[in-house]
Amino acid sequence: MSVIVFVEHDGGVIKKKNFEAVQYASGIAQKTGATVTAVILGTIADAEIEKLGAYGAQKVLHVDDNRLDELHPRAYTTALLTAIEKEDAKIIVALNDINGRAVAPRVAVKLKAGLVAGALTYPDMEKGFLIKKAVYSGKAFAYVNITSDTKVIMLMPNTFPVAKTEGKATIEKLPVNFGDKDFGIKVKEVSKVTGEVSLSDAALVVSGGRGMKGPENWYLIEDLAKELGAATACSRPVSDADWRPHHEHVGQTGGTIRPDLYIAVGISGAIQHLAGVNGSKTIVVINRDPEAPFFKAANYGVIGDAMEVLPRLTEAVKKFKLHK
Ligand SMILES: Cc1cc2nc3c(=O)[nH]c(=O)nc-3n(C[C@H](O)[C@H](O)[C@H](O)COP(=O)(O)OP(=O)(O)OC[C@H]3O[C@@H](n4cnc5c(N)ncnc54)[C@H](O)[C@@H]3O)c2cc1C
């Protein structure tokens, strides 16, 4: 019996969050005496697929069909169901991200399986199959017991640190019989963000709010981000005003991120904003108002004007790097 893990790649490159999902599946497999089979779709080199072995996959099923280079939720579901049947898998792991959310619930419906979206822990098998997840925009936790025979878990990315092992995976091509309906949606164009650190994967994020006053001051955020090797993000009013692109907006209605370090500059800390960032391991707030609500959620705070604090912080990071 296998634990199946759905692995995504970005133009042939596997990102860190997928190694985390494989490692998570491996942790469950060890508890249940199962093996781990990863499923990967579309055009990707074997040398890249082999990396999954170091995170606990014993086998990788590769559906080598270039129509799967773009997200086709129905075709992805068909491919995963084929793999699940082949491996007689009862536990399926996917990420709680855009692709995972498009595919995992479809798989769960087809298999009449219970599903937990946004898992934050390994299942506690002494209490059944109990998993903790965040609810109400991260303000509370729910403990969900999956009682169905087949179980689908969508792991919240950036929940566990990943560690490499010496493990190796074998790669098998998996033939899949797709139907016409599987490719019923035609993707006309894909616009990808390039040349920046990807926000969803970033370990460090520098984020700006309305306190930055306008897009002309954003170089201050970008300078600090560049020195740190961080991604940039923003609050919703900032993207609504077109100071920054919408993919940078984090919060209840934007992206959810869980970086190691989140530096919030000129952001008040409204609950709708916190909903997207309160899983960050360390939060640093820079705000000139000592009463700003964000300070309550911060590990470190700087009370001061962003226009003065940011250049000094960037200089300090530069100096620190020079003397390292
Ligand atoms: C249904 C709904 C969903 C929402 N979803 C989101 C969401 O997903 N993401 C999100 O961000 N918001 C969301 N909002 C909006 C949210 O409620 C807040 O209005 C928003 O987060 C405020 O953005 P801000 O902190 O950038 O701006 P402001 O509230 O205007 O705060 C600006 C901050 O900058 C500080 N400041 C000003 N000048 C300086 C300076 N020179 N130096 C340092 N600090 C300075 C101020 O003291 C203040 O704290 C949502 C709202 C609703 C109703």
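Remember, it's a predicted structure, so these values are computed and weren't measured experimentally. (Residues numbered from 1 in each chain as written. Predicted model: local features only at pLDDT ≥ 70, side-chain atom pairs only at ≥ 80, totals over all residues. Heavy atoms only, no water.)

## Comments concerning the side chain of Glu-248
Which entries qualify depends on this criterion: Strands here are runs of E lasting at least two residues and helices are runs of H or I lasting at least four, both read from the DSSP assignment and numbered beginning at the N terminus. Think of it in three bands: residues with accessible area under 20% of the maximum for their type are buried, residues over 50% are exposed, and the middle band is partly exposed, with areas taken using a 1.4 Å probe on protein chains only. In protein, a polar contact requires one atom able to donate a hydrogen and another able to accept it; more generally it is a pair of N or O atoms within 3.5 Å, and residues adjacent in sequence count only if both atoms are side-chain atoms.
Examined against the element boundaries, Glu-248 turns out to sit in the loop between α6 (236-240) and β12 (261-265). Classification of Glu-248 by relative accessible area gives buried; the value is 2%. Among the polar contacts made by the side chain of Glu-248, one reaches the side chain of Thr-232 at a distance of 2.9 Å.

## Overview of the environment of Ile-40
This is how the line gets drawn: By the convention used here, residues are in contact when the closest approach between their heavy atoms is within 4.5 Å.
On the secondary structure map, Ile-40 appears in strand β2 (residues 35-41). By relative accessible area, Ile-40 is classed as buried at 0%. As for Ile-40 and Asn-278, which are separated by 238 residues in sequence, their C-alpha atoms are 31 Å apart. What Ile-40 contacts, discounting residues up to four positions off in sequence, is Val-7, His-9, Ile-14, Ile-49, Val-60, Leu-61, His-62 and Val-63.

## A look at the UniProt feature "binding site: FAD" (unreviewed entry) in the protein chain
Quick reminder of the rule: UniProt positions are given in the numbering used here, feature names are shortened, and annotations may be inferred rather than shown by experiment.
Summarizing the sequence annotation, UniProt attributes the feature "binding site: FAD" (unreviewed entry) to Arg-210, Ser-235, Arg-236, Gly-266, Ile-267, Ser-268, Gly-269, Ala-270, Ile-271, Gln-272, His-273 and Asn-287 in the numbering used throughout. Inspection of the secondary structure puts Gln-272 in helix α7 (residues 271-277). Under the relative-accessibility criterion, Gln-272 is labelled partly exposed at 43%. The residues touching Gln-272, leaving out its near neighbours within four places in the chain, are Gly-251 and Gln-252. By secondary structure assignment, the location of Asn-287 is in strand β13 (residues 282-287). Relative accessible area serves as the criterion here: at 11%, Asn-287 is assigned to the buried category. When neighbours within four sequence positions are excluded, Asn-287 is seen to be in contact with Gly-266, Ile-267, Ser-268, Ala-292, Phe-295, Val-302, Ile-303 and Gly-304. Separated by 2.9 Å, the side chain of Asn-287 and the backbone nitrogen of Asp-289 make a polar contact.

## What about the site of the ligand?
Rules: Here a residue counts as near a molecule or strand whenever at least one of its heavy atoms sits within 4 Å of it. In short, Shrake-Rupley with a 1.4 Å probe defines the accessible areas, and a residue's cover is counted only from the protein chains shown.
Of all residues adjacent to the ligand, which total 25 residues, the nearest are Arg-210, Lys-213, Ser-235, Ser-268 and Asn-287. Ser-235 is positioned such that a nitrogen or oxygen atom in its side chain is 2.6 Å from an oxygen atom of the ligand. Between the ligand and Ala-306, the relevant distance is 2.8 Å, taken from a nitrogen atom to a main-chain nitrogen or oxygen of the residue. Protein chains bury 77% of the 990 Å² of accessible surface belonging to the ligand in isolation.

## With respect to the sheet that holds β12
As a reminder, the rule being used: Pairing between strands is defined by DSSP: at least two bridges between them are needed. Inter-axis angles, ranging from 0 to 180 degrees, are taken between N-to-C directions of lines fitted to C-alpha atoms, where helices are fitted over the stretch in contact.
What the five strands build is an open sheet, ordered β11-β10-β12-β13-β14; its pairing is parallel. Looking along the sheet, the strands with just one partner apiece sit at the ends: β11 (231-234) and β14 (300-303). If you compare each strand with its neighbour and ignore which way they point, the axes differ by 15° on average. Note that β12 and β13 share five bridges and pair parallel. Bridge pairing in β13 places Tyr-262 opposite Ile-283. Contacting β10 (204-208), β11 and β12, helix α5 (residues 219-228) runs over the sheet at an angle of about 175° to β10. Contacting β12, β13 and β14, helix α8 (residues 306-322) runs over the sheet at an angle of about 130° to β13.

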